[in-house]
Amino acid sequence: MSNPFEKSDRSYHVLVNEEGQHSLWPAGTAVPAGWEVVLADRPREECLAHVEANWTDMRPRSARASAS
């Protein structure tokens, strides 16, 4: 069985949760509770580039706020 998160020939979404954490998610797969789609139905490489450009601090939002 192949990993649906690593197929370069399918579309993906980028999800973000309330803590600002990002996730690559296969399009057509139910989005888990607590996550919202911020980039939809794009090639895997485009989604990965979006995550890299927009999730520059890997700490959850609550940890960033308490560190300030």
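Only a predicted model underlies this, so the values are computations on that prediction, with no experimental measurement involved.

Side note on unusual backbone geometry
Alright, step 1. Phi angles above zero are rare outside glycine, and Asp-41 is one such case at about 50°.
Alright, step 2. Tracing the chain through its elements places Asp-41 in strand 3 (residues 35–43).

Some words on the UniProt feature "domain: MbtH-like" (unreviewed entry) in the chain
Alright, step 1. Mapped onto the present numbering, the UniProt feature "domain: MbtH-like" (unreviewed entry) falls at residues 3–53.
Alright, step 2. The distance separating the terminal C-alpha atoms of residues 3–53 is 24 Å; by composition the span is 20% helix and 41% strand.

Looking at the pattern of salt bridges
Alright, step 1. For the structure on display, the rule yields 3 salt bridges.
Alright, step 2. With a closest N to O distance of 2.6 Å, Asp-57 and Arg-59 form a salt bridge.
Alright, step 3. On the basis of relative accessible area, Asp-57 is assigned to the partly exposed category, the value being 24%.

Quick notes on the rules
Residues numbered from 1 in each chain as written. Predicted model: local features only at pLDDT ≥ 70, side-chain atom pairs only at ≥ 80, totals over all residues. Heavy atoms only, no water. Helix = DSSP H or I, 4+ residues; strand = E, 2+ residues; numbered from the N terminus. UniProt positions renumbered as here; feature names shortened; annotations may be inferred. Salt bridge = Lys/Arg side-chain N within 4 Å of Asp/Glu carboxyl O. Buried < 20%, exposed > 50% of the residue type's maximum accessible area, 1.4 Å probe, protein only.

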